[in-house]
Amino acid sequence: MRIGYFADGPWGRRALKRIEEAPELEVAYVVLRHDAPDPELKSRAGRLGVPTFAPEDINASAILEELAARDPDLNVSMSYDQILRSEAIEMAPEGFINCHAGALPFYRGRNVLNWALINGEERFGVTVHDVEQGIDTGDILVRRFGPIAPDDDYGSLLDKAADLCADALLEALEDLRRGTATRTAQEEIHPVGFYSSRRREGDEWIDWTWPTARIHNLIRALAPPGPGARTLLDGESVVLLGAERIPQAPAYIDRPGTVVGRSEDGVVVKTGDTTLRVTTIADWAGGEPTHSRTPRLRVGTTFGMNLQHEVQRLSGRIDRLERRLEALEE
């Protein structure tokens, strides 16, 4: 079976390696992202003698004609970024399939592994499904699950999901090649499902009035290669890259965000219900954490609770500057 492969990044590389190892599968071409073609995928395709393309518009008639002339039986998407219209979806006789890092019909959409961690899930799913013009709404060929361990964070979950998606894709390809594939409409699993929105800057702020579990899940969900969960310290933005739940930590009322204990591993911070040990803190530099370190803070230090605190801080600075300007003019 000849495969047209649309891919990017580590997920695309791992799945391509699995496809290479299957003697009955042949790659007809590799289509890369236009703005930043993956150099490793391009190099690997070159070693295989497979042509690569990185079109600005995958739906343009000229590129579709060029790809169709290479006689793919099936097209496959693995982390490809362009929206496909019907002409592209229907180009190959066996259609177009995609591997999605969510257990469809749940976790459609964007940043689904982050959301799975934020939601405190104990497992994650990947789904190989037919591509259609809706967002992650096509029929399911293969759906597989993996565990989310208590110490998993975004980086470790990405690694697990990339392997599981490669396995699920190869299973679907073999089923299609043998003619034994079965398809399940997503409505048969759940009549509604749900969609995960794209996370944006500002979503990473911690509200210390939240329960410990919610704060801990946000921190691990945004750990590198994510941007990190943000809070305020001495009026400046900082990033929390690591935290630990404290076994048997009692619930009690106190000021959320206050450092209430210290240890060699970090500091203990009061949350909306119990306490959380913060183990790694970093400075915030234009969207990226820098200078990560174990926090050494005095008991009684208070982390800012949310973005409102920063707005108030900036408003205060503006007021002080305006008063200084008025004084100079006088």
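Residues numbered from 1 in each chain as written. Predicted model: local features only at pLDDT ≥ 70, side-chain atom pairs only at ≥ 80, totals over all residues. Heavy atoms only, no water.

Participant: How do you make sense of the nonpolar core when you look at a structure like this?
Facilitator: Most often, soluble globular proteins keep nonpolar side chains buried together rather than apart. Counting residues in hydrophobic clusters, the biggest one holds 69 residues, and the most contacted among them are Y5 and L173. No other element matches helix α6 (residues 154-178), which puts 14 residues into this core. Setting aside residues no more than four positions away along its own chain, Y5 makes contact with W11, G12, A15, L16, I19, V27, Y29, V30, V31, L41, V76 and M78. Counting 16 residues, the second largest nonpolar core, distinct from the first, contains F6, Y29, I89 and F96. (Core = buried A, V, L, I, M, F, W, Y, C linked by side-chain atoms within 4.5 Å. Buried < 20%, exposed > 50% of the residue type's maximum accessible area, 1.4 Å probe, protein only. Helix = DSSP H or I, 4+ residues; strand = E, 2+ residues; numbered from the N terminus. Contact = heavy atoms within 4.5 Å.)

Participant: Would you take a moment to explain the pattern of salt bridges for this structure?
Facilitator: A side chain of one charge can pair with a side chain of the opposite charge when the charged atoms of the two come close. Scanning the model with the defined rule gives 20 salt bridges in all. Residues D163 and R14 are paired through a salt bridge, measuring 3.0 Å at the closest nitrogen-oxygen approach. Within this pair, whereas D163 is found in helix α6, its partner R14 is found in helix α1 (residues 9-20), the two being separated by 149 residues in sequence. Residue classification places R14 among the partly exposed positions, given a relative accessible area of 28%. The salt bridge involving R178 is made with E174; its shortest N-O contact spans 3.8 Å. With R178 and E174 both in helix α6 and four residues apart, the pair spans about one turn of that helix. The partly exposed category is assigned to R178, whose relative accessible area is 48%. For E174, a relative accessible area of 14% corresponds to the buried category. Each of the salt bridges in this network shares a partner with another, and the network as a whole consists of R13, E20, D38, E40 and R44. (Salt bridge = Lys/Arg side-chain N within 4 Å of Asp/Glu carboxyl O.)

Participant: What should I look at first to understand the environment of I148 in this one?
Facilitator: Checked against the element boundaries, I148 lands in the loop between β8 (140-147) and α6. Separated by 31 residues in sequence, I148 and L117 place their C-alpha atoms 8.1 Å apart. Other than its neighbours up to four places away in sequence, I148 contacts A116, L117, E121, E122, R123, F124, L157 and R220.

Participant: I keep staring at the layout of surface pockets and nothing clicks. Help me out?
Facilitator: Here the idea is plain: a probe the size of a water molecule rolls over the atoms and shows the empty space left. By volume, the largest pocket is sized at about 1600 Å³. Around the largest pocket sit 50 residues that line it, and R33, Y80, G109, R110 and N111 are the ones nearest its centre. Partitioned by chemical class, the residues of the lining of the largest pocket number 19 nonpolar, 16 polar and 15 charged. Taken together, 15 residues make up the lining of the second largest pocket; nearest its centre are A103, Y107, E121, R123 and F145. For the lining of the second largest pocket, the secondary structure elements donating two or more residues are α5 (112-118), β7 (123-130) and β8. (1 Å grid on protein atoms, 1.4 Å probe; cavity = no way out; pocket = protein on both sides within 12 Å on 5 of 7 lines; lining within 4 Å. Points joined across faces, edges and corners; volume = space filled by probe spheres on them. Nonpolar A, V, L, I, M, F, W, Y, C, P; charged D, E, K, R; others polar.)

Participant: Honestly, the sheet that holds strand β4 (residues 74-78) in this entry has me stumped. Any pointers?
Facilitator: Strand pairs in the sheet, formed through backbone hydrogen bonds, run parallel or antiparallel to each other. The seven strands lie next to each other as β3-β2-β1-β4-β5-β7-β8, forming an open sheet whose pairing is mixed. In this open sheet, the two strands that pair with only one neighbour each are β3 (52-53) and β8. Summarising the sheet, β4 and strand β5 (residues 96-100) pair through three bridges and their orientation is parallel. Bridge pairing links V76 to I97 in β5. Against the sheet, α6 makes contact with β1 (2-7), β4, β5, β7 and β8, and its axis sits at roughly 150 degrees relative to β8, the strand it touches most. (Pairing = 2+ DSSP bridges. Axes fitted to C-alpha atoms, helices over the stretch in contact; angles between N-to-C directions.)

Participant: Would you explain the packing of aromatic side chains in this entry?
Facilitator: Where two aromatic rings form a pair, the distance of their centres and the angle of their planes describe that pair. Taken as a whole and judged by the stated rule, the model has seven aromatic pairs. Summarising the aromatic geometry, the rings of F6 and Y80 are spaced 5.4 Å apart at their centres and angled 80 degrees between planes, so their arrangement reads as edge-to-face. One end of the pair, F6, is in strand β1; the other, Y80, is in the loop between β4 and α4 (86-89), with 74 residues separating them in the sequence. Under the relative-accessibility criterion, F6 is labelled buried at 1%. The interplanar angle of 55 degrees and the centroid separation of 4.9 Å between the aromatic rings of F6 and F96 together place this pair among those described as tilted. Residue F6 is found in strand β1, and its partner F96 is found in strand β5; the two are separated by 90 residues along the sequence. No difference in accessibility class separates F6 from F96, as the two residues are buried. An aromatic cluster is present here, built from F6, Y29, F53, Y80 and F96 joined pairwise through their rings. If you follow R230 out to its NZ or CZ, it ends over the ring of W284, 3.8 Å from the centre. (Phe/Tyr/Trp six-rings, centres within 6.5 Å; stacked < 30°, edge-to-face > 60°. Lys NZ or Arg CZ within 6 Å of the ring centre and 35° of its normal.)

Participant: How do you make sense of unusual backbone geometry when you look at a structure like this?
Facilitator: Only a minority of non-glycine residues have a phi that is not negative, and only a minority of peptide bonds are not trans. Note that the residue after L104, namely P105, is joined by a cis bond; omega there is 10 degrees. For P105, the location among the structural elements is in the loop between β5 and β6 (108-109). Of note, the bond from P224 into P225 is cis; its omega dihedral lies within 30 degrees of zero at 10 degrees. If you trace the backbone, P225 turns up in the loop between α8 (212-221) and β10 (229-233). Not every positive phi belongs to a glycine, and Y107 is a case in point at roughly 60 degrees. Take Y107: it is sitting in the loop between β5 and β6. Under the relative-accessibility criterion, Y107 is labelled buried at 8%. One non-glycine residue, Q248, lies in the positive phi region at around 60 degrees. Of note, Q248 is situated in the loop between β11 (236-245) and β12 (259-263).

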